[in-house]
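Secondary and tertiary structure notes
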Amino acid sequence: MDVLGIDIGGSGIKGAPVDLVKGELSGERHRIDTPRHAEPEPVAEVLGRVVRHFGWTGPIGVTYPGVVVDGVTRSAANVSRKWIGLDAAKLLGEAAGRPVTLLNDADAAGIAEMRHGAGRGRDGTVAVLTLGTGIGSALFSDGVLVPNTEFGHIEIRGKDGEVRAAARARTEHDLSWEKWAARLSEYLTRLEALIWPSLFVLGGGVSRKGGRFLPLIKGVRAEIVPARLVNNAGIVGAAMAAAAAAEAPGAADPVRSAGRGTAPAPVGPVGSGASSAW
């Protein structure tokens, strides 16, 4: 079964059909630049163009770079503040021409990494972090997602952690890999002291260059590994959440359903309403 996943990011809106069994894209990814200021209506228009590009008529999963509760967007760190309090699932569904399943972008990436990527088979506390325009976070306890964590905003030296340690900070301030790794180390040690994970999975496009900075991270007790799905994780996770919602249409929170797949660990058989397509 293929499901369309669309990932709304600060710089681009990208989508592709996803093979849920393999956890990989089954078609070429289509990307359009995110409209300037990332206001709701222009973003919805671009999302509609992505859906029409594929001529899609089946389930659609969509990520949003912030908190999502029952289809309503509750935060807006790197997009227009007009998203706050908006019934975004309704707006984006109207643009897509059919209902969409909406969830936090880092949660989507985490779901994909836990089922098909670097977190597969890992119990205990796992934190998946997406290093990009900001720092997105997804937290798992024995494979079950705790949705809408915002660990990119923990305070480091009087600023949001993501301001100092996101991948964008490295490029904007022309930091060497060593200097950026020192900032990232400080961020990770602070987060580790709060949640004590056994594993950090570091995602985002910069994870392709893990060999340049991972050996430079110091002072962190937990194991640190690069994500395997890289920038496709959000698309894959969005499709997985949409499949879960389609199989359990009465579920109040498709994100929680997405965190309880019936496939092998780490997204293990916890509770009901899971998608057998995983």
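Here we summarise the structure given alongside this text.

What counts and what doesn't
Residues numbered from 1 in each chain as written. Predicted model: local features only at pLDDT ≥ 70, side-chain atom pairs only at ≥ 80, totals over all residues. Heavy atoms only, no water. Helix = DSSP H or I, 4+ residues; strand = E, 2+ residues; numbered from the N terminus. Buried < 20%, exposed > 50% of the residue type's maximum accessible area, 1.4 Å probe, protein only. Contact = heavy atoms within 4.5 Å. Areas by Shrake-Rupley, 256 points an atom, 1.4 Å probe, with all protein chains shown as cover. Pairing = 2+ DSSP bridges. Core = buried A, V, L, I, M, F, W, Y, C linked by side-chain atoms within 4.5 Å. Axes fitted to C-alpha atoms, helices over the stretch in contact; angles between N-to-C directions. Parallel < 35°, antiparallel > 145°, perpendicular 65-115°, else oblique. Nonpolar A, V, L, I, M, F, W, Y, C, P; charged D, E, K, R; others polar.

Observations concerning the overall build of the protein chain
Broken down by element type, the protein chain carries 9 helices and 16 strands. Expressed as a percentage of its 278 residues, the buried residues of the protein chain come to 58%. When contacts within the protein chain are restricted to residue pairs at least 6 apart in sequence, those whose partners lie at least 24 apart make up 63%. Of the roughly 11,500 Å² of accessible surface on the protein chain, a fraction of 48% belongs to carbon and sulfur atoms.

A look at unusual backbone geometry
Residues other than glycine seldom take positive phi values, yet aspartate 70 does so here, at roughly 50°. Phi at tryptophan 196 takes a positive value of approximately 50°, unusual for a residue other than glycine. Tracing the backbone shows tryptophan 196 in the loop between helix H6 (177-195) and strand E15 (199-203).

What to know about the sheet that holds strand E8 (residues 86-87)
An order of E6-E7-E8 is seen for the 3 strands of this open sheet, with the pairing classed as antiparallel. Each edge of the open sheet is held by one strand with a lone partner, namely strand E6 (68-69) and E8. Across 2 bridges, strand E7 (residues 72-73) lies against E8 in antiparallel orientation. By the bridge assignment, threonine 73 is partnered in E8 with leucine 86.

Structural notes on the environment of phenylalanine 140
Its location among the elements puts phenylalanine 140 in strand E11 (residues 135-141). Beyond its immediate sequence surroundings of up to four residues, phenylalanine 140 is in contact with Gly110, Ile111, Met114, Gly124, Thr125, Val126, Val128 and Leu145.

Some remarks on the nonpolar core
Considering soluble globular proteins, one finds that nonpolar side chains tend to be buried as a cluster. Membership of the largest hydrophobic core comes to 30 residues, with the highest contact counts inside it found for Leu20, Val126, Phe140 and Val201. Among the elements of the structure, strand E2 (12-19), helix H3 (105-116), strand E10 (125-131), E11, E15 and helix H8 (233-247) are those that each provide at least two residues to this core. With 9 residues, H8 is the single largest residue contributor to this core.

Overview of the packing of H3 against H8
Axis angle and axis distance: for two packed helices, these are the angle between their axes and the distance between the axes, and together they describe the pair. One way to put it is that H3 packs onto H8 with a least axis distance of 7 Å and a crossing angle of 85°. One element, H3, and the other, H8, form an angle in the roughly perpendicular class. Contacts from Ala108, Ala109, Ile111, Ala112, Glu113, Arg115 and His116 in H3 reach Ala233, Gly234, Val236, Gly237, Ala238 and Met240 in H8. When grouped by side-chain class, the residues that make up the contact of H3 with H8 number 8 nonpolar, 3 polar and 2 charged.

Side note on the sheet that holds E11
The mixed open sheet is built from 5 strands, whose spatial order is E12-E11-E10-E15-E16. In the strand order of this sheet, the two ends are held by strand E12 (144-146) and strand E16 (223-226), each with one partner. Going across the sheet, the axis of each strand differs from the next one's by a mean of 25°, ignoring polarity. Packing of H6 onto the sheet brings it into contact with E10, E11, E15 and E16, and relative to E10 it is tilted by some 145°.

Some remarks on the pairing of E11
Counting buried positions over the 7 residues of E11 gives 6, a clear majority of the element. Direction of pairing for E10 relative to E11: antiparallel, over a ladder of 7 bridges. The residue of E11 that forms the bridge with valine 128 is alanine 138. By the bridge criterion, 3 bridges tie E11 to E12 in an arrangement that is antiparallel. Of the residues in E12, the one forming a bridge with phenylalanine 140 is leucine 145. A loop of 2 residues connects E11 with E12, the two strands running antiparallel in sequence, and aspartate 142 in this loop sits at a positive phi of about 50°.

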